[in-house]
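# Overview (structure and organization)
One-letter residues, chain by chain:
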Amino acid sequence: MTKKANFSGLAFNVTKKQVKTLLSDASKSSNRNLRDKAKDLIQQINAGKQFAIAAGGHSGGFGGNGRGADPNPHVTIEVNRRRYHLQYKFLRKNQIILVNITG
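Our subject in this report is the structure included herewith. (Residues numbered from 1 in each chain as written. Predicted model: local features only at pLDDT ≥ 70, side-chain atom pairs only at ≥ 80, totals over all residues. Heavy atoms only, no water.)

Next up on the list: the overall build of the chain. When helices and strands are tallied, the chain shows two helices and four strands. When the helices and strands of the chain are placed in sequence order, the string is α-α-β-β-β-β. Here the chain holds 103 residues, and the buried ones make up 34% of them. Long-range contacts, defined as pairs at least 24 residues apart, comprise 46% of the intrachain contacts of the chain with a sequence gap of at least 6. Here the chain has roughly 6200 Å² of accessible surface; of this, 47% comes from carbon and sulfur atoms. (Helix = DSSP H or I, 4+ residues; strand = E, 2+ residues; numbered from the N terminus. Buried < 20%, exposed > 50% of the residue type's maximum accessible area, 1.4 Å probe, protein only. Contact = heavy atoms within 4.5 Å. Areas by Shrake-Rupley, 256 points an atom, 1.4 Å probe, with all protein chains shown as cover.)

So this is what it looks like as structure tokens:
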């Protein structure tokens, strides 16, 4: 992993630059599923597809599309009008990595 974004506590605000860094790190993961999803999102963002942060770091939420709230800590982003949960875990104080991308 290269650069790590700094975060404090479960609930935090996140910038597009920090999300891109997290996705870039995830695109180098040994987890093939995570790596491929991260690369796909990076490709869409770099191609100029609409990209927004729908919610900063949190767990729970309202659910959607017939699904319940996600109990895992995650950031919600929207790319090309589709929402994704970037599930993360803390490595050490103020540092997180992505462990799964759903959506």
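Following both chains from N to C, one finds helix α1 (residues 16-26) and helix α2 (residues 32-46) inclined at 135°, their axes separated by 8 Å at the closest point. As the angle between them shows, α1 and α2 are arranged oblique. Along this stretch, α1 crosses α2, giving a crossing that reads as left-handed. Where α1 approaches α2, its residues Lys20, Leu23, Ser24 and Ala26 are matched on the opposing element by Leu34, Arg35, Ala38, Leu41, Ile42 and Ile45. Partitioned by chemical class, the residues of the contact of α1 with α2 number seven nonpolar, one polar and two charged. (Axes fitted to C-alpha atoms, helices over the stretch in contact; angles between N-to-C directions. Parallel < 35°, antiparallel > 145°, perpendicular 65-115°, else oblique. Left-handed = near helix turned anticlockwise from the far one by under 90°. Nonpolar A, V, L, I, M, F, W, Y, C, P; charged D, E, K, R; others polar.)

Strand direction decides the pairing type here: strand β2 (residues 70-79) and strand β3 (residues 82-92), joined by six bridges, are antiparallel. Within β3, the position partnered with isoleucine 77 by the bridge is tyrosine 84. Linkage of β2 to β3, two consecutive antiparallel strands, is achieved through a turn of two residues, within which asparagine 80 is found at a positive phi near 55°. Pairing of β3 with strand β4 (residues 95-102) involves seven bridges; the strand directions are antiparallel. Following the sheet pairing, glutamine 87 is matched in β4 by asparagine 100. Where β3 hands over to β4, the hairpin turn is made up of two residues, of which asparagine 94 adopts a positive phi near 70°. (Pairing = 2+ DSSP bridges.)

Another aspect to go through is the packing of aromatic side chains. Across all of its chains, the model carries one aromatic pair by this definition. Seen in terms of ring centroids, tyrosine 88 and phenylalanine 90 are 5.8 Å apart; in terms of plane orientation they differ by 85°. Their pairing is edge-to-face. We classify tyrosine 88 as buried; its relative accessible area is 4%. (Phe/Tyr/Trp six-rings, centres within 6.5 Å; stacked < 30°, edge-to-face > 60°.)

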